[in-house]
Amino acid sequence: MKTILKVSLITILLALVSMTAVAQEPIGVIAKSSGTTFHKKFNADDYSPSAIMGTQLKNNDWIKTGDDGFVAIFFLDDKSQLKVKANSEMEILAAVERGKISKTISLDYGTVKASVNKQKGEFRIATPTSVASVKGTEWWVESDENGDIFIVVAGVVEIENLISGTVQNVGQDETATSNSDGSVNVEETNDDDIPDDPDDDDDAEESGSTIHELRIRMVNQETNSEKFIIIEYAE
């Protein structure tokens, strides 16, 4: 009994240390920002007036966009990307699950596009109506008080309606509607319903834009080592 108690206590302590590390370490960076945007740090009560490119994002940070706002987020552990369109508000959550970092985008409302690389942990987008989880794929989410629309561009997304508990897998070129009454409907995607991607207009070769390089310096305090994350963007 004493041995079991000791092992359990060590396990709990290790879990607490891991959770603290996730809370303190950056998990993403703002790779692009335009228009009216806001950023609220995990330890702040109010939003800052702009989401500044190059800002490191941590667990419990918030992003908000206005009528003309756009923010692109780059996640450091798996190089996944999240694009936040106008009139959206979301919180970034990270947790250690079975020794792996899992990320949840808590989307209060608005429109986001996720491009998720294959990873060891989970990647979820949660709204007041639904939870969508994937291992690696690309999809859009539109959320408001009536429910959610999930447009899958590539891969498979598992969607759970939180009202009814209904779970539905949605594949490439399919669109799921998860409603506030608990119903979930899946149909073939209509191309006209796919939101415009702001980055589609930023092809440097066609528009004559200039390619810039954003360098993010990451320092590991425990090993006294550093590395750089390099992000290219067009302007």
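Computed from a predicted model, the values in this text were never measured in an experiment.

Student: I would appreciate a short explanation of the overall build of the protein in the present structure.
Tutor: In terms of regular secondary structure, the protein is built from 2 helices and 18 strands. For the protein, with 235 residues in total, the buried portion stands at 40%. Taking the contacts inside the protein whose residues are at least 6 apart along the sequence as the reference set, 43% of them involve residues at least 24 apart. Summing over all exposed atoms, the protein offers an accessible surface of approximately 13,200 Å²; the carbon and sulfur share of this is 48%.

Student: When you look at the pattern of salt bridges in this model, what are you seeing that I'm missing?
Tutor: Where charged atoms from two side chains of opposite charge come close, those side chains can pair. One pass over the full model with this rule turns up 5 salt bridges. The shortest N-O distance in the salt bridge between aspartate 197 and lysine 83 comes to 3.0 Å. Highlighted residues: aspartate 197 in the loop between strand 16 (184-188) and helix 2 (204-207) and lysine 83 in strand 6 (residues 81-84), separated in sequence by 114 residues. You'll find aspartate 197 and lysine 83 in the same group, each marked buried.

Student: Could you clarify how one ought to interpret the nonpolar core in this entry?
Tutor: For soluble globular proteins, nonpolar side chains are generally found buried alongside one another. Ranked by internal contacts, the top residues of the largest apolar core, which has 30 residues, are Ile73, Leu82, Met90, Phe123, Ile125 and Trp139. Considering every element that reaches this core, the biggest residue donor is strand 8 (residues 100-116), with 5 residues. Aside from chain neighbours lying at most four places away, what touches isoleucine 125 is Leu82, Ile105, Leu107, Val112, Ala114, Ser130, Val131, Ala132, Trp139 and Val141.

Student: Sorry, what's going on with the packing of aromatic side chains here?
Tutor: Aromatic rings considered in pairs are described by the distance between their centres and by the relative angle of their planes. One pass over the structure, following the stated rule, counts 3 aromatic pairs. Judged by centre distance (6.3 Å) and plane angle (65 degrees), the ring pair of phenylalanine 38 and tyrosine 47 falls under edge-to-face. Residue classification places tyrosine 47 among the partly exposed residues on the basis of a relative accessible area of 23%. The interplanar angle of 85 degrees and the centroid separation of 6.3 Å between the aromatic rings of phenylalanine 123 and tryptophan 139 together place this pair among those described as edge-to-face. Note that phenylalanine 123 is positioned in strand 9 (residues 123-126) and tryptophan 139 in strand 11 (residues 137-144), a separation of 16 residues in sequence. Note on accessibility: phenylalanine 123 and tryptophan 139 belong to one class, buried. In textbook terms, an aromatic cluster arises when at least three aromatic residues are bridged by ring pairs, as seen for Phe75, Phe123 and Trp139. Stacked on the ring of tryptophan 62, the Lys or Arg lysine 40 has its end atom at 5.2 Å from the ring centre. Positioned above the aromatic ring of phenylalanine 75, the side-chain terminus of lysine 103 is 5.6 Å from the ring centre.

Student: Looking at this model, I keep getting lost on the environment of isoleucine 163. Mind explaining?
Tutor: Considering the arrangement of structural elements, one finds isoleucine 163 in the loop between strand 13 (157-161) and strand 14 (167-170). Sequence separation between isoleucine 163 and glycine 182 is 19 residues; the distance between their C-alpha atoms is 4.9 Å.

Student: Can you help me understand the pairing of strand 16 in this one?
Tutor: On any regular strand, side chains alternate: one points to one face of the sheet, the next to the other face. The pairing of strand 15 (residues 174-179) with strand 16 spans 5 bridges and is antiparallel. Each bridged residue has a counterpart across the sheet, and for threonine 177 the counterpart in strand 16 is asparagine 185. Counting the residues between successive antiparallel strands, the hairpin from strand 15 to strand 16 contains 4 residues, one of them, glycine 182, with a positive phi of roughly 100 degrees.

Student: For this particular structure, what's the right way to read the pairing of strand 1 (residues 28-34)?
Tutor: Burial analysis of strand 1 places 5 of its 7 residues in the buried class, the great majority of the element. Across 6 bridges, the pairing between strand 1 and strand 5 (residues 70-75) is antiparallel. Among the inter-strand pairings, glycine 28 is bridged to a residue of strand 5, identified as phenylalanine 75. Looking at chain direction, strand 1 and strand 3 (residues 56-57) are connected through 2 bridges and run antiparallel. Across the sheet, valine 29 pairs through a bridge with glutamine 56, a residue of strand 3.

Student: Any chance you could explain a negative patch on the surface here in plain terms?
Tutor: Side chains of Asp173, Glu187, Glu188, Asp191, Asp192 and Asp193 sit close together on the surface and give a patch of like negative charge. Here aspartate 193 is to be found in the loop between strand 16 and helix 2.

Student: Is there a simple way to think about the confidence of the model for the protein in this case?
Tutor: In regions of low pLDDT, the predicted coordinates are not meant to be interpreted in detail. Within the protein, residue pLDDT values average 82, and 74% of them lie at 70 or more. Mean pLDDT values over the elements of the protein span from 43, in helix 1 (residues 2-24), up to 98, in strand 4 (residues 62-65). Low confidence marks residues 1-21, where pLDDT is under 50. Its contacts with residues over four positions away, or in another chain, come to 2 contacts.

How each quantity is defined
In this convention, every chain numbers its residues from 1, walking through the sequence in written order. Only residues with pLDDT of at least 70 are given local features in this predicted model, and only at 80 or more are side-chain atom pairs given and counted; all residues enter the totals for whole chains, interfaces and linings. Note that the side-chain values use all heavy atoms of the structure and ignore hydrogens as well as water. By definition, any uninterrupted DSSP run of H or I lasting at least four residues is a helix, any uninterrupted run of E lasting at least two residues is a strand, and each is numbered from the N terminus. Burial classes: relative accessible area under 20% of the type maximum marks a residue as buried, over 50% as exposed, and values in between as partly exposed (1.4 Å probe, protein chains only). Contacts are assigned to residue pairs that have any heavy atoms within 4.5 Å of one another. For accessible areas, the Shrake-Rupley method is used with a probe of radius 1.4 Å. Any residue's cover is judged against the shown protein chains and nothing else. When a carboxyl oxygen of Asp or Glu lies within 4 Å of a side-chain nitrogen of Lys or Arg, that pair is called a salt bridge. Among buried residues, those of type Ala, Val, Leu, Ile, Met, Phe, Trp, Tyr and Cys that are joined through side-chain atoms within 4.5 Å constitute a nonpolar core. Between 30 and 60 degrees the pair is tilted, below 30 it is stacked and above 60 it is edge-to-face, where a pair is any two Phe, Tyr or Trp rings, Trp via its six-membered ring, whose centres lie within 6.5 Å. Both a distance and an angle decide whether a charge sits over a ring: NZ of Lys or CZ of Arg must be within 6 Å of the ring centre and within 35 degrees of the ring normal. DSSP-based pairing: two strands are paired if at least 2 bridges between them are found. In this scheme, patches are assembled from residues that exceed 30% relative accessible area and form no salt bridge. Like charges are connected within 9 Å, while nonpolar side chains (Val, Leu, Ile, Met, Phe, Trp, Tyr) are connected within 5 Å. As used throughout, the charge tally considers Lys and Arg to be positive and Asp and Glu to be negative, leaving His and the chain termini uncounted. A charged residue contributes its charge at one atom only: NZ of Lys, CZ of Arg, CG of Asp or CD of Glu. pLDDT expresses, on a scale from 0 to 100, how confident the predictor is about each individual residue.

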